[in-house]
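This is what each chain is made of:
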Amino acid sequence: MFPTFQSVFARDATPTVKSVISADNIIVSALAGGRVSDYLTVDTAYERVGWYRRCVDARADALSQMPFTIRSKSSGRILYDSEGFSPVPEALSYIKNFRTLMKMKGIAAVLKGRAYWQETDGENGLFYQWLAPDNVDEVYSDTTGQITGYTRKLYNRQTGTHNKVPVPKESIVAFYEEDPRVEVGPPINILGESCRVNADVLYSIDRWLDGHMDRALMPSHIISLPSNTPPEERTRFQKIWDQKFRGKDKGGNQMVVNADTVSVQKVGEGIGEFGQSGVLKEQREAIAATLGVPLSYLLPNA
């Protein structure tokens, strides 16, 4: 006996900036401190980018709150209606964690494109256990191409390895997102991947802002001194600048070079210029639109 749904959910890194300066036949390449953003997978985007996670969770929350009914497989009679405000019958105690399972399913649908429940006999009777999608693989028939069973990866504490254990097909409730390129089994395309790059941009913005705050909002600079300035004087000048303005992790990085006159050149944009670019708003809107979550659900003033 499986549920029948009554409704469907509606559809820091500091930027690396290079500046090349030619002075007295000296070419200098200066970097604006910070590291290039780590490449975010769908999983790490969900872990590290708050807006991305909020959109995924909002979608899953809506799915978990959908009304549902449970009917008898043989007679079609309604055994439970979630809108009837009646207690769950003892015979259907296995659905008490149904909404939690549906939320997990909603999250996995975005991040993995698939989800699995396993029908299990427990101390209090039948219940459905959540299975991590990465631990489950389909077994296909060589003749028909249909799914004939599953394997589940289990950790062996004695050997410290993972073993694949066969799981009967009839004990698994599998959910697959639609993909026109796939006939049977998990999709090739994953919804969360469609807006992963937008999440990566937000992550880079967070890292950049964090680095900007670490250096007390001081950008990186190239400082040009007169061409006849001795090397030891350039070194002394750079040490003084470091002591006064430099933050942690190369924040407020600068390079001192010889030139015709004394000048200070900023490398990269400051926080004021960035705030007017609209990049943050664009990336957030792209993620929410891709996942089908209204901005009014996420922002009180949207």
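Residues numbered from 1 in each chain as written. Predicted model: local features only at pLDDT ≥ 70, side-chain atom pairs only at ≥ 80, totals over all residues. Heavy atoms only, no water.

## Considering the packing of helix α2 (residues 50–64) against helix α8 (residues 279–291)
When two helices pack together, their arrangement is captured by the angle between the axes and the distance separating the axes. Direction vectors running N to C along α2 and α8 enclose 20°, while the axes themselves pass 10 Å from each other. Here α2 is positioned roughly parallel relative to α8, judged by the angle of their axes. Here α2 runs over α8; the crossing is right-handed. Residues Trp-51, Tyr-52, Cys-55, Val-56 and Arg-59 of α2 lie in contact with α8, whose contacting residues are Arg-284, Ile-287, Ala-288 and Leu-291. (Axes fitted to C-alpha atoms, helices over the stretch in contact; angles between N-to-C directions. Helix = DSSP H or I, 4+ residues; strand = E, 2+ residues; numbered from the N terminus. Parallel < 35°, antiparallel > 145°, perpendicular 65-115°, else oblique. Left-handed = near helix turned anticlockwise from the far one by under 90°. Contact = heavy atoms within 4.5 Å.)

## Structural notes on the sheet that holds strand β10 (residues 161–168)
Strand order in this open sheet of three strands is β8-β9-β10, and the pairing throughout is antiparallel. Each having just a single partner strand, β8 (136–140) and β10 make up the two edges of the open sheet. Averaged over all pairs of adjacent strands, the angle between their axes in this sheet comes to 30°, without regard to strand direction. Pairing of β8 with strand β9 (residues 147–156), which is carried by five bridges, proceeds in the antiparallel orientation. When the sheet's bridge partners are listed, Val-139 is paired in β9 with Gly-149. (Pairing = 2+ DSSP bridges.)

## Structural notes on the nonpolar core
Membership of the largest hydrophobic core comes to 25 residues, with the highest contact counts inside it found for Tyr-52, Ile-287 and Leu-291. Those elements giving two or more residues to this core turn out to be α1 (42–48), α2, α3 (98–111), α5 (196–214) and α8. For this core, the leading source of residues is α2, giving six residues. Among residues more than four places away in sequence, those in contact with Leu-291 are Cys-55, Val-56, Arg-59, Val-110, Leu-191 and Cys-195. Counting residues in each nonpolar core, the second largest holds 17 residues, with Ile-70, Leu-92, Ile-95 and Ala-108 among its members. (Core = buried A, V, L, I, M, F, W, Y, C linked by side-chain atoms within 4.5 Å. Buried < 20%, exposed > 50% of the residue type's maximum accessible area, 1.4 Å probe, protein only.)

Remember that the coordinates give geometry; whether it matters functionally is a separate question.
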